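# Reading the structure
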Amino acid sequence: MGHSMKPRQLTMMGLGSAIGAGLFLGSGAGIQAAGPAVLISYLVAGTLIILVMWALGEMAAANPNSGAFSVYAERALGKTAGATIGWLWWLQLVVVIAAEALGAAGLLFTVWPVVPVWALALIFMVVFTAINLAGVRNFGEFEFWFAILKVAAIVLFLVIGAALLVGILPDVASPGLANLTSDFAPAGLGGIAAALFVVIFAFGGTEIVSVAAAETEDPEHSVARAIRTVVWRILVFYIGSVFVIAAVLPARSESLASPFAGVLAAARIPGAATAITLVAVVALLSALNANLYGASRMVYSLAGRGEAPRFLARLSGASVPMLAVGVSVAFGFVATVLELLFPERILPALFQLVGSTCLVVWGSALVSQLVLRRRADRDGTSLPLRMKGFPVLTFVGLALLGLIFAVGFSAEGSRVQLVSTFALIAAIAAACAVAARLSGRSSQPKQPAARQVE
């Protein structure tokens, strides 16, 4: 595996993939669903993602692989499990790529209503397909500066939001904490459950760090540093931003359609709402960029292991899996056509498709780490990075996961999503099992035969 990506690029990619549509658009949807109680959803999901990232970090440092948790699930639970998780995550990212292209286009249209949303989304898909075909070195640097911009913007947003809440902005009355305390959970447990899946969507993508580790310099040390940095920054940015939004904007406010712009409009800072909207566009495009990278590398890994058509493992002269990139962006192009036919109805539908698939991927990572860590300890295998608090914290993560599923099944809206997700998993697993049987492959894992990506 080539190591063209710098450690700093790996860290910012983790931020880039997670700080996108889920924060800039999904945070408003979460508050609409649960009210200020959405903060509970963020704390639960945030704790879970910390534990998942620690588990993934341990496995990625020991075995940096572009298939990441799909490979780890294969080694821990068997070929069918590994292939199922790989395809599930790939399908998840394919949907997210489309959502972020449409989300960015919709936001840009609010400040520049010249080119229609579907056409803007199409332009974004073309541009970022080209960037991903240019090679990982250029891609990593591009993503680094993208992520730097949106991190700076979120920090500035938090500063302005704090000033607004404490009442030190000139000629602007502070809303105080009345919006938080007057009706904390207007929809009760059902609202918190519904918001959980919006929040899970928001945190989804953080695990791309484990995929990119395979193409990073000194992965044993880079992964540990990236995971530590990404985890605390995401929690500060997400929980801090959502706290400010929920305190400033009532749960029924129309401004929650673009919550960051809504807060800055309330702060009466000239041009700030437009500026943050443009930053949000950049944030969504950054996440699209990172997720397209992750999706193409996952399907490339599946092809190299014989779990996807072999032609998807072919590389260009720049060592880029061109066909893997192509199949990963296809649905995004389809989504632009659907947006043309059904305006403003596609993005909300896409938001509802992803949350529960993240939970399954994260659960597989925790179970795989539990199995592989015990196997390593039994065999006396040295690990470059060891998750602290094992196995207690791994079991805590699995317990949180079980709690989220239980809460999800208790609410009608999320119950439908969960049942659909498990039906999809069953269909993928059945297809993978049949394909394995028909191909007559050995049950022992094989390493990818394809030429290495650089």
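Residues numbered from 1 in each chain as written. Predicted model: local features only at pLDDT ≥ 70, side-chain atom pairs only at ≥ 80, totals over all residues. Heavy atoms only, no water.

With 19 residues, helix α17 (residues 392–410) should reach 27 Å at 1.5 Å per residue; the first-to-last C-alpha distance of 27 Å fits that figure. Taken as a whole, α17 has its buried residues at Thr-394, Gly-397, Leu-400, Leu-401, Ile-404, Phe-405, Val-407 and Gly-408. In a view along the axis of α17, the buried residues occupy a sector of 165°, so they form one face of it. (Helix = DSSP H or I, 4+ residues; strand = E, 2+ residues; numbered from the N terminus. Expected span 1.5 Å × (residues − 1). Buried < 20%, exposed > 50% of the residue type's maximum accessible area, 1.4 Å probe, protein only. Arc of directions from axis to C-beta.)

The subject of this paragraph is the environment of Leu-292. By the secondary structure assignment, Leu-292 is in helix α14 (residues 272–304). Here Leu-292 falls in the buried class, since its relative accessible area comes to 1%. Between the C-alpha atoms of Leu-292 and Pro-64, which are 228 residues apart in sequence, the distance is 19 Å.

Our next topic: helix α10 (residues 188–203). With 16 residues, α10 extends 23 Å between its outermost C-alpha atoms, agreeing within 8% with the 22 Å of an ideal straight helix rising 1.5 Å per residue. Among the 16 residues of α10, twelve are classified as buried, and the element is accordingly described as predominantly covered. Listed as buried for α10 are Gly-191, Ile-192, Ala-193, Ala-195, Leu-196, Phe-197, Val-198, Val-199, Ile-200, Phe-201, Ala-202 and Phe-203.

On to the nonpolar core. Counting residues in each nonpolar core, the largest one holds 157 residues, and the members touching the most others are Phe-24, Leu-48, Phe-69, Tyr-72, Phe-203, Leu-359 and Trp-362. Looking at which element gives the most residues to this core, the answer is α14, with 19 residues. Each residue touching Tyr-72, except ones within four places of it in the same chain, is listed here: Leu-56, Met-59, Ala-60, Asn-63, Pro-64, Asn-65, Ser-368 and Leu-372. (Core = buried A, V, L, I, M, F, W, Y, C linked by side-chain atoms within 4.5 Å. Contact = heavy atoms within 4.5 Å.)

Further remarks concern the environment of Met-322. In this structure, Met-322 sits in helix α15 (residues 322–341). On the accessibility criterion, Met-322 (42% relative accessible area) is partly exposed. For the pair Met-322 and Tyr-300, spaced 22 residues apart in sequence, the C-alpha to C-alpha distance is 9.5 Å. Contact partners of Met-322, with chain neighbours within four places excluded, come to Leu-133, Arg-314 and Ser-316.

It is worth stressing that arrangement in space is one thing and function is another; only the former is reported here.
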